[in-house]
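# Remarks on the overall topology
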Amino acid sequence: MSLEVRYAVHPEDVKSYDTTRIRKEFLIEKVMVPGEINLVYSFYDRYIVGGAVPTDKPIKLDTYEELKAEYFLARREMGIINVGGDAKITADGVVYELKYKEALYLGQGVKDVVFESVEASKPAHLYINSAPAHKAFPSKHVTLGDANVLQLGSLETSNERQINQLIVKEVVPTCQLQMGMTALQPGSVWNTMPAHTHNRRMEAYFYFEVPESQAVCHFMGQPDETRHIWMKNEEAVLSPSWSIHSAAGTSNYIFIWGMAGENLDYGDMDVRQPNELK
Ligand SMILES: O=C[C@H](O)[C@@H](O)CC(=O)C(=O)O
Ligand SMILES: [Zn+2]
């Protein structure tokens, strides 16, 4: 069980980071640990990223000293996407049953949150994102059927993928949180290519359904000064607002994106074509 605080860094400094340092600042390896809830509190937009894996007993979402709040969602909103076995999430007495790839938005002010797996032998893997919030919007269970769907890319450019916008303003009103899930078609390996930045929002990516012996090479950095981080299944990575966030896998895979900041405009992106990157 942990909440790890990560500082925000200057892009000029990142130019001199070696592999170990770049992984220490941006990669989040400890997300899904059986029986635990593990979170990273990032100073990029005070975004929290993590995971909960309830097994034979429920896990309560406690507050943390770092939040200086009576309960976790006192001044925050939360998005949860299940990438494991069936889950039961109880929020102030309301029970939400989350199947694989289903999402739950919890609004600011929800006091008691408890995570449970329906079957201990098939534990839920609950991917969690949370951002500061100052208004209570209603909590909502969101399925892929509710999603706003975009089909992007093509097999010829190895980036054919389906974007499922789950927690976006057209589906559920939020203060600043936006989340969704993008699935690569077989044979396609590139996500978010052409790449983009959005100085108005930070973002976090969580890769899953990456086959055991395969990996995802995630690209970050300013468009003229990129770096890479090799990632395994069920790992997350922070993307500062000045950074691209794009990856090529050694197979196809799925990932969850989540972001917060200045606006709720998904299309607010400064795009860089592949031949414009350095
Ligand atoms: O700001 C938006 C996010 O980076 C992702 O939604 C992009 C993405 O899923 C993709 O193009 O594959
Ligand atoms: Zn983005």
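Structure first, text after, so check above.
Along each chain, residue indices are assigned from 1 in the same order as the chain's sequence is written. Each chain gets a letter, beginning with A, and each ligand a number, beginning with 1, in the order they are written. Only residues with pLDDT of at least 70 are given local features in this predicted model, and only at 80 or more are side-chain atom pairs given and counted; all residues enter the totals for whole chains, interfaces and linings. Only hydrogens and water are removed before side-chain values are computed, so all heavy atoms of the structure are retained for them.

On to the coordination of the zinc ion (ligand 2). Distances up to 2.8 Å from the metal define which N, O and S atoms are donors, and 3.2 Å serves for Na, K and Ca; water is absent from the atom set, so sites may look incomplete. For the zinc ion (ligand 2), the full set of protein donor atoms is His196 (NE2), His198 (NE2), Glu203 (OE) and His245 (NE2), at a range of 2.1 to 2.2 Å. Every geometry call rests on angle ranges, with four donors termed tetrahedral when all angles are between 85 and 135 degrees, four termed square planar and six termed octahedral when opposite donors are over 155 degrees apart and all others are between 65 and 115, and everything else termed irregular. Its six donor atoms give the zinc ion (ligand 2) angles of 73 to 175° at the centre, a pattern that matches the octahedral case. Taken in sequence order, the residues that donate to the zinc ion (ligand 2) follow the motif H-x1-H-x4-E-x41-H. When sorted by exposure, His198 lands in the same class as Glu203, which is buried. Buried, partly exposed and exposed residues are distinguished by accessible area as a fraction of the type maximum, computed with a 1.4 Å probe on protein chains only: under 20%, between the cut-offs, and over 50%, respectively.

The rule for a salt bridge is simple: a side-chain nitrogen of Lys or Arg has to be within 4 Å of a carboxyl oxygen of Asp or Glu. Enumeration according to the criterion identifies 14 salt bridges in this entry. For the salt bridge of Asp112 with Lys60, the shortest nitrogen-to-oxygen distance reads 3.7 Å. Of this pair, Asp112 sits in the loop between β9 (103–106) and β10 (113–117) while Lys60 sits in strand β5 (residues 59–60); the two residues are 52 residues apart in sequence, bridging distant segments of the chain. Put simply, Arg227 and Glu225 hold a salt bridge, and the shortest N to O gap is 2.9 Å. Overlapping salt bridges, with partners in common, bring together Arg200, Arg201, Asp268 and Asp270 in one network. Helix and strand assignments come from DSSP, with helices taken as H or I runs of at least 4 residues and strands as E runs of at least 2, each series counted from the N terminus.

Another aspect to go through is the sheet that holds β10. Through backbone hydrogen bonds, the strands of a sheet pair up, either in parallel or in antiparallel fashion. Any two strands with at least two DSSP bridges between them are considered paired. Strand order in the open sheet formed by four strands is β5-β10-β7-β8, with antiparallel pairing between adjacent strands. The open sheet terminates on both sides in strands that have one partner only, identified here as β5 and β8 (94–98). With five bridges connecting them, strand β7 (residues 87–91) and β10 associate as antiparallel partners. When the bridges of β10 are listed, Lys88 appears paired with Glu116.

This paragraph deals with the sheet that holds strand β22 (residues 246–249). The strand order β16-β22-β19-β20 describes an open sheet built from four strands, whose pairing is antiparallel. The strands lining the two open edges of the sheet, one partner per strand, are β16 (190–191) and β20 (225–231). Pairing geometry for strand β19 (residues 216–222) and β22, over four bridges, is antiparallel. Bridge pairing in β22 places Cys217 opposite Ala248. In this description, contact between two residues means that some pair of their heavy atoms is separated by no more than 4.5 Å. To obtain an axis, a line is fitted to C-alpha atoms, over the contacting stretch when the element is a helix, and the angle between two such axes runs from 0 to 180 degrees between their N-to-C directions. Sheet contacts for helix α2 (residues 19–26): β19 and β20; angle to β20, the most-contacted strand, approximately 75°.

Moving on, we get to the site of ligand 1. Any residue with a non-hydrogen atom lying within 4 Å of a molecule or strand is treated as near it. By nearness alone, 15 residues border ligand 1, and Arg161, Thr182, Glu203, Tyr205 and Tyr266 come closest of all. Nitrogen and oxygen atoms within 3.5 Å of one another constitute a polar contact, given that in protein one can donate a hydrogen and the other can accept it, and given that sequence-neighbouring residues count only through two side-chain atoms. Between ligand 1 and His245, the relevant distance is 3.2 Å, taken from an oxygen atom to a side-chain nitrogen or oxygen of the residue. A distance of 2.6 Å separates an oxygen atom of ligand 1 from a polar atom in the side chain of Tyr266. Accessible surface is estimated by sampling points in the Shrake-Rupley manner with a 1.4 Å probe; for residues, cover comes only from the protein chains shown. In the complex, the protein chains occlude 98% of the 330 Å² of accessible area that ligand 1 would expose alone. Where the shell around ligand 1 is concerned, the elements lending two or more residues are β14 (161–167), β18 (201–208) and β23 (254–261). Top contributing element to the shell around ligand 1 by residue count: β23, with three residues. In this classification, Asp, Glu, Lys and Arg are treated as charged, Ala, Val, Leu, Ile, Met, Phe, Trp, Tyr, Cys and Pro as nonpolar, and every other residue, Gly included, as polar. Its residues placed into classes, the shell around ligand 1 shows seven nonpolar, six polar and two charged.

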